[in-house]
Amino acid sequence: MTETFYEVLRRQGITRRSFLKFCSLTATSLGLGTSAAPTIAHALENKPRTPVLWLHGLECTCCSESFIRSAHPLTKDVVLSMLSLDYDDTLMAAAGHQAEAILDEVKKKYKGNYIVAVEGNPPLNEDGMFCIQGGRPFVEKLRETCADAKAIISWGACASYGCVQAAKPNPTRATPVHKVITGKPIINVPGCPPIAEVMTGVVTYMLTFDRIPELDRQGRPKMFYGQRIHDKCYRRGHFDAGQFAEAWDDEGARKGYCLYKMGCKGPTTYNACSSMRWNGGVSWPVQSGHGCIGCSEDGFWDKGSFYDRVTSITPFGAESNADSIGQAAAGTVGAAIAAHAAVTALARARQSNAHGQPEKQGENQ
Amino acid sequence: MSLAQPLPGAAIGVWAGDPSPELVAVFAAIADTRMRDLPICNRQLRVEAVGFQRTAAGHWAGAMVTPWAVNLLCLPGATGWPALAACAKHEWEFPSGCYEFTVADEASLGNYHLCSLFSPALEFDSHEAARLTALAAVRALFAEPLAEPAAPRASSRRAFLGLGR
């Protein structure tokens, strides 16, 4: 009999009180409201736990770095211990043949019932020789491991879009996961790295509800990638009033004016940074005085300098809202279409991750 | 860390009448000066204040169409306006739900709150399309949401312990 998530926690010495707190905070960070906490608690107490295999292709490990620094209560104890019990070649204790044996074991024992989380991507040139693990190309390991998976999580810009190793001219032909693996549900969680609370939120949602979160057309969870950085930016009032920093350390920069003219990619970037922020809600790039570099958007390395002003915004291109509100609004002027666009925009605006900011850790130790 | 810095004793002006004419004048001036020729602007759009009306609390709310955004705006119309500095966040309750607004301070308008709906607003191919969408947004904002069956409250013991509220 497979043990439940809760049993694993208890075995790790987690108190029930801490467990319930974890459920409550997870519920709010997922935008479900605290009333969903009992549902999460019930699921974690009763469902057999879902094994997660965490693979690494061409990457810099910043996704792992972000994840293990999650300020979300218990994350390092809870979610992480769940993952490392199975397979993560950065974090697990096993090594060599013993480690690789875990992959086979999970694949057989939990056929069709485990999640593969991929950090990085496979290079396809020269038959995948640019990334060799355990004596064979990573792309083979990826294909084999994903074959019997229930779902796949693509961590970060690498797995989702390709990131720097896929930047022109992409000598190794680094390829995003969804272009190699087909026929499986794939959740893209872009960002370089993604926000820790977004990563734990996605994992916990899937482990708890046994389904993938609602995705947009680019395969990103809507709950975290539904709004532009620009929409929730605290400097937004300065943008609307046309107050811009025109040079680093000019009067506007000192007054905290909008960084659009200094190359901020906030207007074209979908991510939760401006509402959830980073490092446990302490700060985020714009708050530290630097524009958004758009790291969660497709091909962000190939869009010119981070300090170039956004000049070409293709409303229907990759940056377009995946809900295609814009497309509906752009078609013909019709009251019904306008109403649909308006209601969709309002629903998006209502989504607030403000409550999702993790509480201070000390309280939950 | 909170960005909100309360302003003790700060006097905030109150809009006795519909702020639309002033809003249009101010944002039209910004459009002609600071925002002029910025690629983020949609040249099809003009500045227009759409559907401004009193909220239940007596404040003013409506939609502002500018070449760079379609925003919901909230302006003080009565006493009880929260004293928050620019860049703070504030949640406003409307019949359709709760929305997080960002506090802004423009010299000629004073303290007001904004909630972004479309920005950049390049998806609109005519001003009429943006205006209609803004109008629909204001109507939906003040409309009751479609009735949903009320979910049973979480057990009160959880609430008592502060676990489920």
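Residues numbered from 1 in each chain as written. Chains lettered and ligands numbered in written order. Predicted model: local features only at pLDDT ≥ 70, side-chain atom pairs only at ≥ 80, totals over all residues. Heavy atoms only, no water.

Caption draft 1: Spotlight on the overall build of chain B. Secondary structure assignment for chain B yields three helices and six strands. Along chain B, from the amino end to the carboxyl end, the secondary structure elements read α-β-β-β-β-β-β-α-α. Out of the 165 residues belonging to chain B, those deemed buried represent 50%. Of the contacts formed within chain B by residues at least 6 apart in sequence, a portion of 54% connects residues at least 24 apart. As presented, chain B carries roughly 7,800 Å² of accessible surface, and 56% of it is formed by carbon and sulfur atoms. (Helix = DSSP H or I, 4+ residues; strand = E, 2+ residues; numbered from the N terminus. Buried < 20%, exposed > 50% of the residue type's maximum accessible area, 1.4 Å probe, protein only. Contact = heavy atoms within 4.5 Å. Areas by Shrake-Rupley, 256 points an atom, 1.4 Å probe, with all protein chains shown as cover.)

Caption draft 2: Spotlight on the confidence of the model for chain B. Residue and element names in this part refer to chain B. Here chain B averages 85 in pLDDT, while 81% of its residues score no lower than 70. Contacts from residues 1–10, a stretch scored under 50 in pLDDT, to residues over four places away or in other chains number 15 contacts. For this predicted complex, the interface score ipTM comes out at 0.82, alongside a pTM of 0.83. (pLDDT = per-residue confidence, 0-100.)

Caption draft 3: Representation of unusual backbone geometry in the model. Residues and elements named next belong to chain A. Going from Lys168 to Pro169, the amide bond is cis rather than trans, its omega being 5°. Mapped onto the elements, Pro169 comes out in the loop between helix 8 (156–160) and strand 7 (186–189). Residues Cys192 and Pro193 are joined by a peptide bond in cis, for which omega reads 0°. Checked against the element boundaries, Pro193 lands in the loop between strand 7 and helix 9 (196–209). With a phi close to 70°, Thr61 is a non-glycine residue in the positive phi region. For Thr61, the position within the fold is in the loop between strand 1 (52–56) and helix 4 (62–68). Phi is positive for Arg173, which is not a glycine, with a value near 55°. With respect to the element layout, Arg173 can be found in the loop between helix 8 and strand 7.

Caption draft 4: Structural view of the sheet that holds strand 3 (residues 115–119) of chain A. Residues and elements named next belong to chain A. Read across the open sheet, the five strands follow the order 2-1-3-6-7; overall the sheet is parallel. The strands lining the two open edges of the sheet, one partner per strand, are strand 2 (87–88) and strand 7. Both strand 1 and strand 2 contribute to a ladder of two bridges, which runs parallel. The residue of strand 2 that forms the bridge with Leu53 is Tyr87. Contacting strand 1, strand 2, strand 3 and strand 6 (151–155), helix 7 (residues 138–147) runs over the sheet at an angle of about 165° to strand 1. Along the sheet face, helix 9 touches strand 1, strand 3, strand 6 and strand 7 and points at about 175° away from the line of strand 6. (Pairing = 2+ DSSP bridges. Axes fitted to C-alpha atoms, helices over the stretch in contact; angles between N-to-C directions.)

Caption draft 5: Region of the structure containing the sheet that holds strand 5 (residues 97–106) of chain B. With respect to topology, six strands assemble into an open sheet ordered 1-2-3-6-5-4 (chain B), the strand pairing being antiparallel. A strand with exactly one partner marks an edge of an open sheet, and here the two such strands are strand 1 (48–54) and strand 4 (89–94) of chain B. Within the sheet, the average angular offset between the axes of one strand and its neighbour, ignoring direction, is 35°. As defined by bridge partners, strand 5 of chain B adjoins strand 6 (residues 110–118) of chain B across five bridges and the pair is classed as antiparallel. Residue pairing across strands places Asp105(B) opposite Asn111(B), the latter belonging to strand 6 of chain B. The strands touched by helix 16 (residues 335–350) of chain A within the sheet are strand 3 (69–75), strand 5 and strand 6 of chain B, with strand 6 of chain B carrying the most contacts at an inclination of about 115°. Of the strands in this sheet, strand 1, strand 2 (60–66), strand 3, strand 5 and strand 6 of chain B are in contact with helix 1 (residues 20–32) of chain B, which crosses strand 1 of chain B at around 150°.

Caption draft 6: Looking closely at the nonpolar core. The biggest cluster of nonpolar side chains holds 53 residues, and the ones touching the most others in it are Ile153(A) and Trp155(A). The greatest single-element share of this core, amounting to eight residues, is contributed by helix 9 of chain A. If you look at the next biggest cluster of nonpolar residues, it comprises 30 residues, including Ala349(A), Leu45(B), Val50(B) and Phe101(B). (Core = buried A, V, L, I, M, F, W, Y, C linked by side-chain atoms within 4.5 Å.)

Caption draft 7: The interface of chain B and chain A, seen in detail. Taken together, the contacts link 48 residues of chain B with 55 residues of chain A. Carbon and sulfur atoms supply 61% of the area buried between chain B and chain A, which totals about 4,300 Å² over both sides. At the junction of chain B with chain A, the criterion picks out one salt bridge. Lys232(A) is the partner of Glu100(B) in a salt bridge, and the nearest nitrogen-oxygen pair spans 3.3 Å. (Buried area = accessible area lost by both parts, 1.4 Å probe. Salt bridge = Lys/Arg side-chain N within 4 Å of Asp/Glu carboxyl O.)

Caption draft 8: Summary view of the pairing of strand 3 of chain A. All names here are of chain A. Most of strand 3 sits inside the fold, with five of its five residues counted as buried. The alternating pattern of strand 3 places Ile115, Ala117 and Glu119 and Val116 and Val118 on opposite faces, both of which are buried. As defined by bridge partners, strand 1 adjoins strand 3 across five bridges and the pair is classed as parallel. Across the sheet, the residue bridging to His56 is Glu119, located in strand 3.

Caption draft 9: Region of interest: the confidence of the model for chain A. Mean pLDDT over chain A: 83, with 85% of residues reaching 70 or higher. Contacts for the low-pLDDT stretch residues 315–332 of chain A, under 50 throughout, to residues beyond four places or in other chains number 42 contacts.

Caption draft 10: Local environment of the state of the cysteines. Residues and elements named next belong to chain A. In this structure the tally under the stated criterion is zero disulfides over all chains. Summary of cysteine pairing: Cys233 is not part of a disulfide, and the nearest cysteine sulfur, belonging to Cys264, is at 6.5 Å. When its relative accessible area of 10% is taken as the criterion, Cys233 is described as buried. (Disulfide = S-S within 2.5 Å.)

Caption draft 11: Representation of the packing of aromatic side chains in the model. This model, assessed by the stated rule, comprises 20 aromatic pairs over all chains. Judged by centre distance (6.2 Å) and plane angle (75°), the rings of Tyr234(A) and Trp284(A) are edge-to-face. With Tyr234(A) in the loop between helix 11 (229–232) and helix 12 (236–240) and Trp284(A) in the loop between helix 14 (273–276) and helix 15 (325–330), this residue pair connects regions lying 50 residues apart in the sequence. Take Tyr234(A) and Trp284(A): they sit in the same class, and that class is buried. Aromatic ring contacts, followed pair by pair, group Phe94(B), Tyr99(B), Phe101(B) and Phe142(B) into a single cluster. For Arg348(A), the ring lying beneath its charged end belongs to Phe118(B), and the centroid distance is 5.9 Å. (Phe/Tyr/Trp six-rings, centres within 6.5 Å; stacked < 30°, edge-to-face > 60°. Lys NZ or Arg CZ within 6 Å of the ring centre and 35° of its normal.)

Caption draft 12: Here's a closer look at the side chain of Arg220(A). Following the sequence through the fold, Arg220(A) ends up in the loop between helix 9 and helix 10 (222–225). With residues up to four places along the chain from it excluded, the contact list for Arg220(A) reads Tyr161(A), Asn188(A), Pro190(A), Glu214(A), Leu215(A), Tyr225(A), Tyr270(A), Ser296(A) and Glu297(A).

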